[in-house]
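If you want the building blocks of each chain, they are given just below.
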Amino acid sequence: MSGWGWTVHGDGRTVPPGEVVAPDERLAWGRTVGIGMQHVVAMFGATFLVPLITGFSPQTTLFFSALGTALFLLVTRNRLPSYLGSSFAFIAPVTAATATGGESVAVGGILVTGLALFVVGVVAHLAGTGWIDALMPPVVTGTIVALIGFNLAPAAWGSCEPDGTCSGFRAAPVTATVTLLAIVLVTVLFRGILGRLSILVGVLVGYGVALLRGEVDLAAVREAAWVGLPPFVAPTFDLSVLGLFLPVVLVLVAENVGHVKSVAAMTDRDLDPYVGRALMADGLATTLAGTGGGSGTTTYAENIGVMAASRVYSTAAYWVAAATALVLALSPKFGAVVATIPAGVLGGAAAVLYGMIGLLGARIWVQNKVDFSAPVNLMPAAVALIVGIANFTWQAGELRFEGIAIGTAVAIGLYHLMRAVARWRGTHEEPATPASVPGGEELPR
């Protein structure tokens, strides 16, 4: 790369077999614009579900998502292709904080999370990332991701207020079921980009069903202006809820590091020197979102899928994606349309997404061949999962900790405590009886 520009890959029109368009390359601008817009479509379904579920403004979330993506590209010096969309790790703490002190308190929690992630990024940039791997080995990382997903399970089912208003699946079981089935079937019926957009397509199918069943109110859409700034919410800070947000930092670290490693593997480039910058950039983007009412951000796996399918890893496409998202964010009418998605549709999508988040934790275990015959791995994960799923709570003065925060502390603390004691006593090779079923085969250590 020369400066901040891009060299044209090949003839600028095609990607020959076995080749990829590197981050510092691009195709012809016409094709680059098309791929950039495809990235917006890829992130759309998941990015908008978070504000709709948490009660945030979809238009505001898209606005800060676009700015955050541009900021990410700047901080990483145009070397890391990534779109920053809404992080699902924020759903539980935002929901709890909103119930406690309102949306502004939740926004304050997002801002503090972003600052904490930025500090982690600075340390990683200066000292390397070895300490991250030591603090959060795969058994711990997988457990934290899993307990966040499973902690959200009750929200997918939803609840009903005394006035009869319901959320989640309970709001409209028929619409929710159709949405869920549409997401599942699109995933296996279609190849390529359409199959990767199963969440978006499923939500559109569910929305159509909701329209037919009279569950959509379009009054706000008719009244909304075509052009205008999104609504902003200033942050306020409540010490009692900040403990809910800090575990999210660990998830964002794991997601960002995983993203950098994935892109490095697919482009055959050493991107480790940019891990710290990626963390700092996501921290700044999340902090920016926390100044005005946007959802916290993270690097998006959906867009990694688009890159893998197209073999185009050009950061130029992400500048196009950021610009496209910003244009859409400046249309209140577009935001109003998204905000009309009814609770039943969201409940159906959430039932799939929350379970997928939980099982992504298990995927981390499998990919890293975590040996659960070892008590040092089994017990911290087991206890932390129960704490997270049952949503244990603990009040310490003004601070309130719930299942995700306590489960995260248990996963990290119990793992390192057991590991230290087991090494001191020489007992770390003892098998864990519940996992050592007759005839079972454990993965090699």
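Details of the structure are given in the entry above.
Residues numbered from 1 in each chain as written. Predicted model: local features only at pLDDT ≥ 70, side-chain atom pairs only at ≥ 80, totals over all residues. Heavy atoms only, no water.

Student: Just checking my understanding: could you explain the state of the cysteines for this structure?
Tutor: By definition, a disulfide links the sulfur atoms of two cysteine residues through a covalent bond. Enumeration over the complete set of coordinates arrives at one disulfide. With a sulfur-sulfur separation of 1.9 Å, C160 is cross-linked through a disulfide to C166. The sign of the S-S torsion, about 105°, decides the handedness of the disulfide formed by C160 and C166: right-handed. A relative accessible area of 34% means that C160 is categorised as partly exposed. (Disulfide = S-S within 2.5 Å. Buried < 20%, exposed > 50% of the residue type's maximum accessible area, 1.4 Å probe, protein only.)

Student: Looking at this structure, how should I read the packing of helix α6 (residues 138-151) against helix α17 (residues 343-367)?
Tutor: Packed helix pairs are characterised by how far apart their axes lie and by the angle those axes make with each other. Where α6 meets α17, the closest approach of the two axes is 7 Å, and the angle between their N-to-C directions is 170°. Taken together, the axes of α6 and α17 lie roughly antiparallel to each other. Facing P138, V139, T141, G142, T143, V145, A146, G149 and F150 of α6, the residues of α17 in contact are Y354, G355, I357, G358, L359, L360, G361, I364 and W365. In the contact of α6 with α17, the residues fall into 11 nonpolar, seven polar and no charged. (Axes fitted to C-alpha atoms, helices over the stretch in contact; angles between N-to-C directions. Helix = DSSP H or I, 4+ residues; strand = E, 2+ residues; numbered from the N terminus. Parallel < 35°, antiparallel > 145°, perpendicular 65-115°, else oblique. Contact = heavy atoms within 4.5 Å. Nonpolar A, V, L, I, M, F, W, Y, C, P; charged D, E, K, R; others polar.)

Student: Looking at this structure, how should I read the side chain of H39?
Tutor: Within the secondary structure, H39 sits in helix α1 (residues 29-54). By relative accessible area, H39 is classed as buried at 0%. Setting aside residues no more than four positions away along its own chain, H39 makes contact with N303, V306, M307, A317, Y318 and A321.

Student: Is there a simple way to explain the nonpolar core in this structure?
Tutor: Generally speaking, soluble globular proteins have nonpolar side chains that are buried together. By size, the foremost hydrophobic cluster in this structure holds 108 residues, and its most contacted members are F88, V140, I144, V253, L279, I341 and Y354. If one sorts the elements of this core by residue count, helix α12 (residues 239-267) sits on top with 13 residues. Not counting chain neighbours up to four residues away, the residues in contact with I341 comprise L52, V203, Y207 and L346. Counting residues in each nonpolar core, the second largest holds six residues, with V15, L27, V312 and A317 among its members. (Core = buried A, V, L, I, M, F, W, Y, C linked by side-chain atoms within 4.5 Å.)

Student: Honestly, the packing of aromatic side chains in this entry has me stumped. Any pointers?
Tutor: How two aromatic rings sit relative to each other is given by the distance of their centres and the angle of their planes. Within this structure, the stated rule accounts for seven aromatic pairs. Ring geometry for W6 and W29: centres 6.0 Å apart, planes at 90°, overall edge-to-face. Here W6 is found in the segment before β1 (7-8), whereas its partner W29 is found in helix α1, with 23 residues between them in sequence. On the basis of relative accessible area, W29 is assigned to the partly exposed category, the value being 41%. Connected via pairs of aromatic rings, a cluster forms that spans F63, F64 and F232. Geometry around W226 places K333 over its ring, the cationic atom sitting 5.1 Å from the centre. (Phe/Tyr/Trp six-rings, centres within 6.5 Å; stacked < 30°, edge-to-face > 60°. Lys NZ or Arg CZ within 6 Å of the ring centre and 35° of its normal.)

Student: Which parts of the structure should I look at to understand unusual backbone geometry?
Tutor: For residues besides glycine, phi is generally negative; the peptide bonds are generally trans as well. The backbone phi angle of R77 is positive, close to 60°, even though this residue is not glycine. Along the chain, R77 turns up in the loop between α2 (58-75) and β3 (84-86). Despite not being glycine, N78 shows a phi value in the positive range, around 65°. Inspection of the secondary structure assignment puts N78 in the loop between α2 and β3. Note on N78: relative accessible area 1%, which makes it buried.

Student: Just to check I follow, could you spell out the pattern of salt bridges for this structure?
Tutor: Between side chains of opposite charge, pairing is possible as soon as their charged atoms come close. Per the counting criterion, the structure on display carries three salt bridges. Ionic pairing is found between R13 and D11, a salt bridge with its closest N-O pair at 3.7 Å. Judged by relative accessible area, D11 falls into the partly exposed class, the value being 40%. In this structure, R213 and E215 form a salt bridge, with 3.0 Å as the shortest nitrogen-oxygen distance. Given a relative accessible area of 45%, R213 falls into the partly exposed group. (Salt bridge = Lys/Arg side-chain N within 4 Å of Asp/Glu carboxyl O.)

Student: Help me out: how do you make sense of the packing of α1 against α17 in this one?
Tutor: One way to put it is that α1 packs onto α17 with a least axis distance of 11 Å and a crossing angle of 115°. In terms of crossing hand, the pair formed by α1 and α17 is left-handed. Here L49, L52 and I53 of α1 come into contact with α17, specifically with L346, A349, A350, L353 and Y354. Across the contact of α1 with α17, the residue classes tally to eight nonpolar, no polar and no charged. (Left-handed = near helix turned anticlockwise from the far one by under 90°.)

Purely geometric numbers; function is a separate question.
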